[in-house]
Amino acid sequence: MKNLKIDFVSDVSCPWCAIGLKSLEQALGALEGQVKAELHFQPFELNPQMVPEGEEINEHLQRKYGASLDQLQATRQAIRERGAALGFTFSVEARDRIYNSFDAHRLLHWAGLQGGTFQRDLKLALLGAYFTDGLNPGDHEVLMARAAAVGLDAEATRQVLSSGQYTAEVREREAFYNSQGIHSVPSVIINDRHLIQGGQPPQVFQQALLQIAAQG
C-alpha cells in the first residue's frame, strides 16, 4: 500500500473540476488496496472579480473566451456526457448565471479542519448545488444548507460565513498556487511535485497514480 498526498486545486464553479474529481475518485476506487490517498481541496477562483449577484452565463463566457453560442452548446453537451458517464448530473438548463465562489472556499477550508471526509463531502455537495440544481454557491443560505446536509454543525457554519473567517488563509493558498504556475483547473498535485491537469478520464489518473506510487 502506497500513501499519496493529493492536492486538488479547483473551483466549485468549474465543470471540468467536477469531472476531474469524479474521475480521480473512480481511479482511486480501482486502486483500492494498492494506493491510499490523502486528499486536500485547495482554492482557485475562475472569476475572482465577479460581483455577488453574478453574471449571465452566456454573456460571461462569450466575453471571456470569445466563444459562439454554438460552440458553448457543443461544449455543454460534451460536459453533460462526460458527467453522466461518471455519475454526475449537469443540468445545464437550470444554471443561467456564474457567481462569486470565495465564501465557498472559506467554508471548504474550515471543513477541512474538521477532519474525516467533511471537506470532500462538502465539495461534492457544492458542485451539485451549482451544476445539478442551479443554485448560487456564493449564497450563504445555500452554503449553510449544503454544510448541514453533510453533517457540519449549523451554528459553526453560520459563524464562519458571517465573520469572514479564513479569508487570509484562502488568499494565501490562492496566491501560493498562482505563484507555482497554476492558472487553470483542475490541477491535481501529487506528493507536492507531480502535476496532472484537466478533467482527465479515470484511466489516465489510474495510470499516473500507479506510476507515481511505484517511484516511492
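Not measured: the values here are computed from a predicted model. (Residues numbered from 1 in each chain as written. Predicted model: local features only at pLDDT ≥ 70, side-chain atom pairs only at ≥ 80, totals over all residues. Heavy atoms only, no water.)

K.L.:
Tell me about the overall build of the chain, residues and numbers included.
P.N.:
Within the chain, the secondary structure is distributed over nine helices and six strands. The C-alpha radius of gyration of the chain comes to 17 Å, within 12% of the 17 Å expected for a compact globule of 216 residues. Considered along the principal axes of its C-alpha atoms, the chain spans approximately 45 × 45 × 35 Å. Put simply, the chain has 216 residues, and 47% of those count as buried. Taking the contacts inside the chain whose residues are at least 6 apart along the sequence as the reference set, 74% of them involve residues at least 24 apart. Element-wise, carbon and sulfur atoms account for 49% of the exposed surface of the chain, whose accessible area totals about 10,400 Å². (Helix = DSSP H or I, 4+ residues; strand = E, 2+ residues; numbered from the N terminus. Rg over C-alpha atoms; globule rule 2.2 N^0.38 Å. Buried < 20%, exposed > 50% of the residue type's maximum accessible area, 1.4 Å probe, protein only. Contact = heavy atoms within 4.5 Å. Areas by Shrake-Rupley, 256 points an atom, 1.4 Å probe, with all protein chains shown as cover.)

K.L.:
Which residues make up the environment of Gln42, and what values go with them?
P.N.:
Considering the arrangement of structural elements, one finds Gln42 in strand 2 (residues 35–43). With a relative accessible area of 13%, Gln42 lands in the buried category. In the structure, Gln42 is positioned 67 residues away from His109 in sequence and 7.9 Å away in space, judged by C-alpha atoms. Setting aside chain neighbours within four positions, we find Gln42 in contact with Asp7, Phe8, Val9, Ser10, Arg173 and Tyr177. Here Asp7 takes part through its side chain, which lies 2.9 Å from a polar atom of the side chain of Gln42. (Polar contact = N/O pair within 3.5 Å; in protein donor to acceptor, adjacent residues only side chain to side chain.)

K.L.:
Go over the sheet that holds strand 5 (residues 187–190), please, and point to the residues and values.
P.N.:
Spatially, four strands are ordered 2-1-5-6 in an open sheet, and the strand pairing comes out mixed. Looking at the sheet topology across the chains shown, the edges are occupied by strand 2 and strand 6 (194–197). Neighbour to neighbour, the strand axes of the sheet diverge by 25° on average, direction disregarded. Looking at chain direction, strand 1 (residues 2–10) and strand 5 are connected through four bridges and run antiparallel. Bridge pairing in strand 5 places Ile6 opposite Ile190. Those strands touched by helix 1 (residues 15–30) are strand 1, strand 2 and strand 5, and its axis lies near 170° from that of strand 1. The sheet contacts of helix 8 (residues 167–179) involve strand 1, strand 2 and strand 5, and relative to strand 2 the element is tilted by about 105°. (Pairing = 2+ DSSP bridges. Axes fitted to C-alpha atoms, helices over the stretch in contact; angles between N-to-C directions.)

K.L.:
How would you sum up the pattern of salt bridges? Please name residues and give values.
P.N.:
Following the criterion strictly, the structure yields ten salt bridges and no others. Notably, a salt bridge pairs Lys5 with Asp7, separated by 2.5 Å at the nearest N-O pair. A residue is classified by how much of its surface remains accessible, and Lys5, at 27% relative accessible area, is partly exposed. The exposure class assigned to Asp7 is buried, which follows from its relative accessible area of 3%. Salt bridges sharing common partners tie together Lys5, Asp7 and Asp192. (Salt bridge = Lys/Arg side-chain N within 4 Å of Asp/Glu carboxyl O.)

K.L.:
So what about the side chain of Asn136? Which residues, and what values?
P.N.:
You can see Asn136 is positioned in the loop between helix 5 (118–131) and helix 6 (140–149). Within the structure, Asn136 has its side chain in polar contact with the backbone nitrogen of Gly138 (distance 2.7 Å). Setting aside residues no more than four positions away along its own chain, Asn136 makes contact with Pro52, Tyr99 and Val142.

K.L.:
Go over the pairing of strand 1, please, and point to the residues and values.
P.N.:
Relative to strand 2, strand 1 runs parallel, the two sharing nine bridges. Directly across from Val9, in strand 2, lies its bridge partner Gln42. In this fold, strand 1 hands off to helix 1, which returns the chain to strand 2; that crossover is right-handed. (Right-handed = clockwise from strand over helix to strand, strands pointing away.)

K.L.:
Explain helix 2 (residues 57–65) to me, and be specific about the residues and the numbers.
P.N.:
Looking only at helix 2, the buried set comprises Ile57, Asn58, His60 and Leu61. Relative to the axis of helix 2, the buried residues are bounded by an arc of 160° and lie together on one face. Away from the buried face of helix 2 by more than 90 degrees, exposed residues Glu59 and Arg63 are located. Buried residues along helix 2 sit against strand 3 (55–56), helix 3 (69–85), strand 4 (97–98) and helix 5. Backbone geometry just downstream of helix 2 places Gly66 in the positive-phi region, at approximately 70°. (Arc of directions from axis to C-beta.)

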